[in-house]
Amino acid sequence: AQSVTQLDSQVPVFEEAPVELRCNYSSSVSVYLFWYVQYPNQGLQLLLKYLSGSTLVKGINGFEAEFNKSQTSFHLRKPSVHISDTAEYFCAVTLNTGFQKLVFGTGTRLLVSP
Amino acid sequence: GAGVSQSPSNKVTEKGKDVELRCDPISGHTALYWYRQRLGQGLEFLIYFQGNSAPDKSGLPSDRFSAERTGESVSTLTIQRTQQEDSAVYLCASSLDRTMWETQYFGPGTRLLVL
């Protein structure tokens, strides 16, 4: 079975600093990878996804992620964060089972302070 | 347009009672998913609907959990004889179809507390 590990439960960072949120997955077969964001008091929203092709994926709000098959990682990055990026970020993976059966990590809370 | 809606937003119940959670997907979305999020944990897949059939209900934790969907519309998740370990946020998502490149749109969730 697949699993997703987000080692950092919380990442504090100052405004305008760069940030990387780590995600590792375990699977011996091809997977599809997603990052979702949950802003306070809102539902989950898709940030970006990797299905195939270029390993560098760009998403909304200036975020990007890089798929690294050899390291089974899909880390999320942003070169300069804003206060409004404060949220919970979830990494998810699915096999091609015929539908998106997402397996989620436990989430990383990004705290951006002035 | 309208997003995915869920009701109630909060539900407090006593152990042993039955509860029914409702999900209204985005109009025209054929795929619908239920997830559970326990405190401090990631989302767990519960069940997937394509239209009104459920090809994968492998995530339902026990036979106390059941779900149905009317056509390509409303879905209800029913938990019978609730237990304290059922306390969680129950999230519903819908997508245009089941393919890998379609986005799942999530509702705000129903927070269930079993006393």
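Data block above holds the structure.
Residues numbered from 1 in each chain as written. Chains lettered and ligands numbered in written order. Predicted model: local features only at pLDDT ≥ 70, side-chain atom pairs only at ≥ 80, totals over all residues. Heavy atoms only, no water.

A. Layout of the overall build of chain A. Each helix and strand counted, chain A has zero helices and 12 strands in total. Secondary structure elements of chain A occur, N-terminal to C-terminal, as β-β-β-β-β-β-β-β-β-β-β-β. Taking 13 Å as the expected radius of gyration for a compact globule of 114 residues, we find that chain A reaches 14 Å, a close match to that expectation. Once the C-alpha set of chain A is aligned to its principal axes, its extents read approximately 45 × 30 × 25 Å. For chain A, the proportion of its 114 residues judged to be buried stands at 46%. (Helix = DSSP H or I, 4+ residues; strand = E, 2+ residues; numbered from the N terminus. Rg over C-alpha atoms; globule rule 2.2 N^0.38 Å. Buried < 20%, exposed > 50% of the residue type's maximum accessible area, 1.4 Å probe, protein only.)

B. Looking closely at the overall build of chain B. Counting its secondary structure elements, chain B contains zero helices and 11 strands. Listing the helices and strands of chain B from first to last along the sequence gives β-β-β-β-β-β-β-β-β-β-β. For chain B, the C-alpha radius of gyration of 13 Å lies close to 13 Å, the compact-globule estimate for 115 residues. Oriented by its inertia axes, the alpha-carbon framework of chain B measures out at about 40 × 25 × 25 Å. Relative to its 115 residues, chain B shows a buried fraction of 49%. A sequence separation of at least 24 residues applies to 55% of the contacts in chain B between residues at least 6 apart. For chain B, the accessible area works out to roughly 5500 Å², and carbon and sulfur atoms hold 46% of it. Separation of charge centres in chain B, based on 12 positive and 13 negative side chains, amounts to 5 Å. (Contact = heavy atoms within 4.5 Å. Areas by Shrake-Rupley, 256 points an atom, 1.4 Å probe, with all protein chains shown as cover. Lys, Arg positive; Asp, Glu negative; His and termini not counted. Charge placed at Lys NZ, Arg CZ, Asp CG, Glu CD.)

C. Spatial organisation of the packing of aromatic side chains. A complete count under the given rule lists 16 aromatic pairs over all chains for this structure. Ring centres of F104(A) and Y35(B) lie 5.6 Å apart, and the angle between their planes is 90°; on these two criteria the pair is classed as edge-to-face. Of this pair, F104(A) sits in strand β11 (residues 103–104) while Y35(B) sits in strand β4 (residues 31–37), each in a different chain. For the pair F104(A) and Y35(B), one class covers both residues: buried. Taken together, the aromatic side chains of F34(A), Y36(A), F90(A), F99(A), F104(A), Y33(B), Y35(B), F45(B), Y48(B) and F106(B) make up a single cluster linked through ring pairs. (Phe/Tyr/Trp six-rings, centres within 6.5 Å; stacked < 30°, edge-to-face > 60°.)

D. Seen up close, the interface of chain A and chain B. With 22 residues of chain A at the contact, the number on the chain B side is 22 residues. Here chain A is connected to chain B by one salt bridge. A salt bridge links D56(B) to K101(A), with the shortest nitrogen-to-oxygen separation between them at 3.0 Å. If you list the elements that add at least two residues to the side of chain A that touches chain B, you get β5 (32–38), β6 (44–50) and β10 (87–94) of chain A. With four residues, the single largest contributor to the side of chain A that touches chain B is β5(A). Grouping the amino acids of the side of chain A that touches chain B by side-chain chemistry returns 11 nonpolar, nine polar and two charged. (Salt bridge = Lys/Arg side-chain N within 4 Å of Asp/Glu carboxyl O. Nonpolar A, V, L, I, M, F, W, Y, C, P; charged D, E, K, R; others polar.)

E. Layout of the sheet that holds strand β3 (residues 19–24) of chain B. All names here are of chain B. Within the open sheet, the four strands sit side by side as β1-β3-β8-β7. Their pairing is antiparallel. Taken across any chain shown, the strands that pair with only one partner, and hence form the sheet edges, are β1 (5–7) and β7 (65–69). When the angles between neighbouring strand axes are averaged without regard to direction, this sheet yields 15°. (Pairing = 2+ DSSP bridges. Axes fitted to C-alpha atoms, helices over the stretch in contact; angles between N-to-C directions.)

F. Quick peek at the nonpolar core. One finds W35(A), L48(A), L76(A) and Y89(A) to be the most contacted residues of the largest nonpolar core, which totals 28 residues. Of all the secondary structure elements, the ones that give two or more residues to this core are β2 (10–14), β3 (19–21), β5, β6, β8 (64–68), β9 (73–78), β10 and β12 (108–113) of chain A. Formed by 21 residues, the second largest nonpolar core is a distinct cluster that contains Y36(A), F99(A), Y33(B) and A93(B). (Core = buried A, V, L, I, M, F, W, Y, C linked by side-chain atoms within 4.5 Å.)

G. Summary view of the pattern of salt bridges. Enumeration over the complete set of coordinates arrives at 11 salt bridges over all chains. As a salt-bridge pair, R77(A) and E20(A) come within 2.8 Å of each other at their nearest N and O atoms. Of this pair, R77(A) sits in strand β9 while E20(A) sits in strand β3, placing them 57 residues apart in sequence. For D86(B), the salt bridge is made with R64(B), and the minimal N-O distance between the two is 2.8 Å. Here the residue D86(B) occupies a position in the loop between β8 (75–79) and β9 (88–95), and R64(B) occupies one in the loop between β6 (53–56) and β7, the gap between them amounting to 22 residues. The pair D86(B) / R64(B) is uniform in exposure class, with both members buried.

Keep in mind these values describe shape, not function.
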